[in-house]
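Spelled out from the first residue to the last, the chains are:
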Amino acid sequence: MKRVFLACICCMLVLPAGSWAKRIIRVACVGNSITYGAGISNREKNSYPAQLQYYLGDGYEVRNFGSNGATAQSDGDYPYVRTGVYGESMDFLPDIVLIKLGTNDTKPQNWKDEKHFMEEYQALIDTYRSLDSHPQVILLTPVRCFLTERNTINPRIIEEKVRPAVEQLACDNGLGIINLHNLFGDRWDQAVMPDRLHPSAIGAGAMARKIGDYLLSAAQGKPAAFVPENATAFNFHGYRGYDFQLDGVPCKVVCPTAEAEGRPWIWRARFWGHEPQTDIDLLERGFHVVYCDVADLYGSDKAVKRWDAFYKYLVKNGFHKKAVLEGMSRGGLVVYNWAARNAGKVACIYADAPVMDIKSWPMGQGAYAGSAEDVTRMLAAYGFKDEEQAMRWKKNPLDHAARVARAGIPVLHVVGDADDIVPVAENTALFEAAMERLGAPISVIHKPGVGHHPHSLDNPEPIVRFILKATGRWSNNCTRAVPGNEYRSAAGWVEGSEWHSVAQDIETTLDGRRLKLLLLGNSITQGWGGMRCLVSYKPGKKAMDDAVGEGRWESAGISGDRTQNLLWRVRYGNYNRCAPEYVVIAIGINNLISGRDTAEDTADGIIAVTEEACRQFPDSKIILLGLFPSGKEPDSEIRKMCDRIHELLGAHAFDARVSYANPTGWFLDERGAIRDGLYSGDYIHFTDKGYACVASHLVQMMK
């Protein structure tokens, strides 16, 4: 009983409303070299705690208490409890403690066993919880390590021993937990983790976003209160779950640490616990995860009736009236068959390698050989007399496209293109074509070369984003002002520069000048060059000097910038010190290239930048250039996204001082292809002739 009481108190601290809302919330980042920011240029501004400070804003004070090589175990080679920052973190009297330790504990000289590791980690947790500030303690699972050397940090122990131990500690203590293990996927990316162990500034930024989203979501939530009657508790990756029965049917519910408003939930159809990344991330966002056993029912009426009863039970207990449905493989059968009869109760559908037709699986009437055992059980579940009757069945998921489309249910499928068990051509592709004919296209994420397994995505961010948008719980990062975190040799900067030094170079370059034209944007804008000292590549300088006059204009572009980064610079950079007559904005392509942002989200970010420019440059005329055409051919996906942004920006009612221009036609031939000589080989960046083309049009717009 005592442990349960402590867990409830900790959950209550998730809400920083009331007393917390009246003062700055102190966040202590406890950890090792990854927290410290080892290997990151200008770590004071680019480590994950520094970027978390920017992300959370002025209502928080985030401190970095990371120490290189630190272990959670007090008998490790570099115990965290013997570092100077340990004492400093205690003296800070934090309201929130983020603990990210365990990576160095896997070294041969440090690792003993899980029991010893958990005992030592528990002692550290207890010490922080005993502080007079009574902080909320949140555990961070270690990021995946890609080291291949022996006799050092061990990736296998991190994944198989440390991560489960941290999850168990979170569950036992009722603590918040954030899954960082899947954040960088299962394949090494040099840009994100240069040395296979320490995240770069870009990787640290991804950590800051995920942690920040958790903290901001939890701050708006409330302690999860649902506990089924006669239930048995279990640990689900650090969250408390409950096994129980409803009318004799096994069921499960996993509760978030802090539930989101309206008690949203995701309903796992089959294969409980398999590839749980999406479920874990939604728990972090305040969703419940639920399960009602329909094994061996193959989406039949018996399965649908079980789900009807389970749905009524959950809604009666305060769960949202619209469920997120998650169907993997044969789980697609019950997901779509239930949705067809209950369209108004479905928020969205996420289906993963889903069976959409019993003729394809299990009957094997296409490319798959079939499963005789499953066919026998399927015939019994449906009450079919024989396979011939099953072949005539017209209530497969494929047959429900019209109902799903008519209800406007958002749908996402994730498929392996080499799936030979549930072939895409016989399942998802047919459903996708039907939906498109009905004017309700679905989103499909293809995994080239992947078969039926593994399901999901190792980093489930695209799936989670889809679900959050479908449920109206998405926060658009394109409109959240944060600094950039670029540090790349190909950025067009003087060697040794990083984002913050380049941003400062812009401000220094603007001091004491009065300009006719100030250009705001990303690497395309940076390529104008201007008089900046830290820009080494200036293919557009001559064209703009000829058009406007040397020294009468300046470029405030930074390579890699997205809308949120330019928004930060416009808001806090005091660019109006140069009193420009005209301000030109060209931003957004990096949002699309990143793969994280949609055209709609990016357009909102561009609008936010433009509106901020109107505030910061009250006496200037603003020229907003929509995205320059990217992609060689008109039907390329990137070009379609650019065109969609033009459509949205063209329909927006901007301030009277804003002139909007769609520059697409400046670059295209009669076929819609980009004219030769204007772009570099990536069909994103300009040649000197491309810059000359833009300069000539801008001069006309400034007359």
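You'll find the structure just up there.
Sequence order sets the numbering: in each chain, residues are counted from 1 along the sequence as written. For a predicted model such as this one, the threshold for reporting local features is a pLDDT of at least 70, and the threshold for listing and counting side-chain atom pairs is 80 or more; totals across whole chains, interfaces and linings nevertheless cover every residue. With hydrogens and water excluded, all non-hydrogen atoms of the structure serve as input to the side-chain values.

S.K.: Can you walk me through the overall build of the protein in this structure?
M.R.: Within the protein one finds 24 helices and 21 strands. Atoms considered for the radius of gyration are the C-alpha atoms alone. The globule rule reads 2.2 Å times the number of residues to the power 0.38. Computed over its C-alpha atoms, the radius of gyration of the protein comes to 28 Å, within 12% of the 27 Å expected for a compact globule of 703 residues. Counting every position in the protein, which comprises 703 residues, the buried fraction comes to 59%. Whether two residues are in contact is decided by their heavy atoms: any pair within 4.5 Å suffices. In the protein, once contacts between residues fewer than 6 apart in sequence are set aside, the share between residues at least 24 apart is 74%. Here the open area of atoms and residues is found with the Shrake-Rupley method and a 1.4 Å probe, where only the protein chains shown may cover a residue. Surface exposure of the protein reaches about 27,900 Å², of which carbon and sulfur atoms provide 50%. By the counting scheme adopted, Arg and Lys are positive, Glu and Asp are negative, and His together with the chain ends is not counted. Charge placement uses NZ in Lys and CZ in Arg. For Asp and Glu, CG and CD serve respectively. Distance between charge centroids for the protein: 4 Å, based on 79 positive and 84 negative side chains. Every helix listed is a DSSP run of H or I at least four residues long, and every strand listed is a run of E at least two residues long, numbered separately from the N terminus. Partly exposed describes any residue whose relative accessible area lies between the buried limit of under 20% and the exposed limit of over 50%, with all areas from a 1.4 Å probe on protein chains only and scaled to the type maximum.

S.K.: Mind showing me how you'd approach the packing of helix 5 (residues 84-91) against helix 6 (residues 114-129) here?
M.R.: For any two helices packed against each other, the geometry comes down to the angle between their axes and how far apart the axes lie. Axis definition: a line fitted to C-alpha atoms, limited for helices to the stretch in contact. Angles are taken between N-to-C directions and run from 0 to 180 degrees. Where helix 5 contacts helix 6, the axes come no closer than 10 Å and their chain directions differ by 35°. Facing helix 5, whose interface residues are Y86, S89 and M90, helix 6 presents L124, T127 and Y128. Partitioned by chemical class, the residues of the contact of helix 5 with helix 6 number four nonpolar, two polar and no charged. Each residue is assigned to one of three groups, with Ala, Val, Leu, Ile, Met, Phe, Trp, Tyr, Cys and Pro labelled nonpolar, Asp, Glu, Lys and Arg labelled charged, and all others, Gly among them, labelled polar.

S.K.: It is not clear to me how the sheet that holds strand 1 (residues 25-31) should be interpreted in this structure. Could you clarify?
M.R.: Strands pair, by our definition, only if DSSP identifies at least two bridges between them. The sheet built from five strands is open, its strands ordered 2-1-3-4-5 with parallel pairing. Single-partner strands in this sheet number two, and they are strand 2 (60-66) and strand 5 (176-178). For this sheet the average axis-to-axis angle between neighbouring strands, irrespective of direction, equals 20°. As paired strands, strand 1 and strand 3 (residues 96-100) are joined by five bridges and run parallel to one another. Bridge pairing in strand 3 places A28 opposite V97. Lying over the sheet, helix 8 (residues 201-219) contacts strand 2, strand 3, strand 4 (136-140) and strand 5, oriented at roughly 150° with respect to strand 5.

S.K.: Is there a simple way to think about the sheet that holds strand 11 (residues 265-268) in this case?
M.R.: Hydrogen bonds along the backbone pair up the strands of a sheet, which may run parallel or antiparallel. As summarised here, the arrangement of the nine strands in space is 7-8-9-12-11-13-14-15-16, forming an open sheet in which the pairing is mixed. One side of each edge strand has no neighbouring strand; the edge strands of this open sheet are strand 7 (232-236) and strand 16 (443-447). Across the sheet, the axes of successive neighbouring strands diverge by a mean angle of 20°, strand direction being ignored. Pairing geometry for strand 7 and strand 8 (residues 239-246), over five bridges, is antiparallel. By the bridge assignment for strand 8, T232 is matched with D243.

S.K.: Could you clarify how one ought to interpret the side chain of T563 in this entry?
M.R.: Its place among the elements puts T563 in helix 20 (residues 563-572). A relative accessible area of 0% places T563 in the buried class. For the purposes of these results, a polar contact is taken to be a pair of N or O atoms within 3.5 Å, where, inside protein, one atom must be able to donate a hydrogen and its partner to accept one; residues adjacent in sequence count only when each atom of the pair is a side-chain atom. A distance of 2.8 Å separates the side chain of T563 from the backbone oxygen of C478, its partner in a polar contact.

S.K.: Can you walk me through helix 16 (residues 461-470) in this structure?
M.R.: Since the α-helix advances by 3.6 residues per turn, residues separated by three or four positions end up pointing in the same direction. Burial within helix 16 is extensive, with seven of its ten residues counted as buried. Turning to helix 16, its buried residues are E461, I463, V464, R465, F466, I467 and L468. Its buried side turned inward, helix 16 meets strand 11, helix 9 (277-284), strand 13 (323-328), strand 14 (346-352) and strand 15 (411-416). One or two positions beyond helix 16, positive phi appears at G472, with a value near 70°.

S.K.: For this particular structure, what's the right way to read the packing of aromatic side chains?
M.R.: Only the six-membered ring of Trp is used, alongside the rings of Phe and Tyr, when aromatic pairs are assigned; centres must lie within 6.5 Å, and planes under 30 degrees apart are stacked while those over 60 apart are edge-to-face, with the rest tilted. Considering all chains together, one arrives at 35 aromatic pairs under this definition. Centre to centre, the rings of Y86 and Y128 are 6.1 Å apart; their planes meet at 85°, and the pair counts as edge-to-face. Taken together, the residues Y86 in helix 5 and Y128 in helix 6 connect sequence positions 42 residues apart. Looking at Y86, the relative accessible area reads 14%, which means it is buried. Residues F667 and F686 carry aromatic rings whose centres are separated by 5.3 Å and whose planes lie at 20° to one another, so their mutual orientation is stacked. A residue pair is termed long-range when its members are at least 10 positions apart, and F667 in the loop between strand 21 (658-661) and helix 24 (688-701) and F686 in the loop between strand 21 and helix 24 qualify at 19 residues. For F686, a relative accessible area of 4% translates into the label buried. Through a chain of ring-to-ring contacts, the aromatic side chains of F226, F244, W265, W267, W307, F310, Y311, Y313, F319 and W338 assemble into a single cluster. Distance and angle both matter: a charge sits over a ring if NZ of Lys or CZ of Arg is within 6 Å of the ring centre and within 35 degrees of the ring normal. Residue placement shows K252 over the ring face of F234; its charged tip is 5.2 Å from the ring centre.

S.K.: Would you mind showing me how to read the pattern of salt bridges here?
M.R.: Side chains that differ in charge, positive against negative, can pair when their charged atoms come close. Just to be clear on terms, a salt bridge is a Lys or Arg side-chain nitrogen sitting within 4 Å of an Asp or Glu carboxyl oxygen. For the structure on display, the rule yields 42 salt bridges. Close ionic contact of K469 with D601 constitutes a salt bridge, the shortest N to O distance being 2.5 Å. Placement of K469 in helix 16 and of D601 in helix 22 (residues 599-616) is noted, with a sequence separation of 132 residues between them. We classify K469 as partly exposed; its relative accessible area is 30%. Shared partners join several salt bridges into a network, and the residues in it are D296, R330, E373, D374 and R377.

S.K.: When you look at the environment of I178 in this model, what are you seeing that I'm missing?
M.R.: Examined against the element boundaries, I178 turns out to sit in strand 5. Residues I178 and N42 lie 136 residues apart in sequence; the distance between their C-alpha atoms is 26 Å. Setting aside chain neighbours within four positions, we find I178 in contact with I138, L139, L140, T141, K210, I211, Y214 and E284.

S.K.: It is not clear to me how the pairing of strand 14 should be interpreted in this structure. Could you clarify?
M.R.: A regular strand carries its side chains on alternate faces of the sheet. Counting buried residues in strand 14 gives seven out of seven residues, a clear majority hidden from the surface. Following the backbone out of strand 13, through helix 11 (residues 331-341) and into the adjacent parallel strand 14, one traces a crossover that is right-handed. Bridge analysis of strand 14 against strand 15 gives four bridges, and the strand direction is parallel. Across the sheet, A351 pairs through a bridge with H413, a residue of strand 15. Call a crossover right-handed when, viewed with both strands pointing away from you, the route from the first strand across the helix to the second goes clockwise.

S.K.: I keep staring at the nonpolar core and nothing clicks. Help me out?
M.R.: Generally speaking, nonpolar side chains in soluble globular proteins are found buried as a group. The term nonpolar core refers to a set of buried residues drawn from Ala, Val, Leu, Ile, Met, Phe, Trp, Tyr and Cys, joined through side-chain atoms within 4.5 Å. If you look at the biggest cluster of nonpolar residues, it comprises 88 residues, and the most contacted ones within it are L98, I99, Y128, L139 and I467. Among the elements that take part in this core, helix 8 stands out by supplying ten residues, more than any other. Ignoring any residue separated from it by four or fewer positions in sequence, one finds L139 in contact with I99, Y121, I125, V166, L169, A170, L175, G176, I177 and I178. Grouped together as the second largest cluster of nonpolar side chains are 69 residues, A503, W568, Y575 and L624 included.

S.K.: I would appreciate a short explanation of unusual backbone geometry in the present structure.
M.R.: One can expect most non-glycine residues to show negative phi and most peptide bonds to be in trans. Each neighbour pair has its own omega, and for W361 with P362 the value is 10°, a cis peptide bond. By the element assignment, P362 lies in the loop between strand 14 and helix 12 (372-382). Omega for the bond connecting H453 with P454 falls within 30 degrees of zero, at 0°, which places this linkage in the cis form. Looking at the secondary structure, you find P454 in the loop between strand 16 and helix 16. The phi angle at E275 is positive, at roughly 45°, despite the residue not being glycine. Along the chain, the position of E275 falls in the loop between strand 11 and helix 9.

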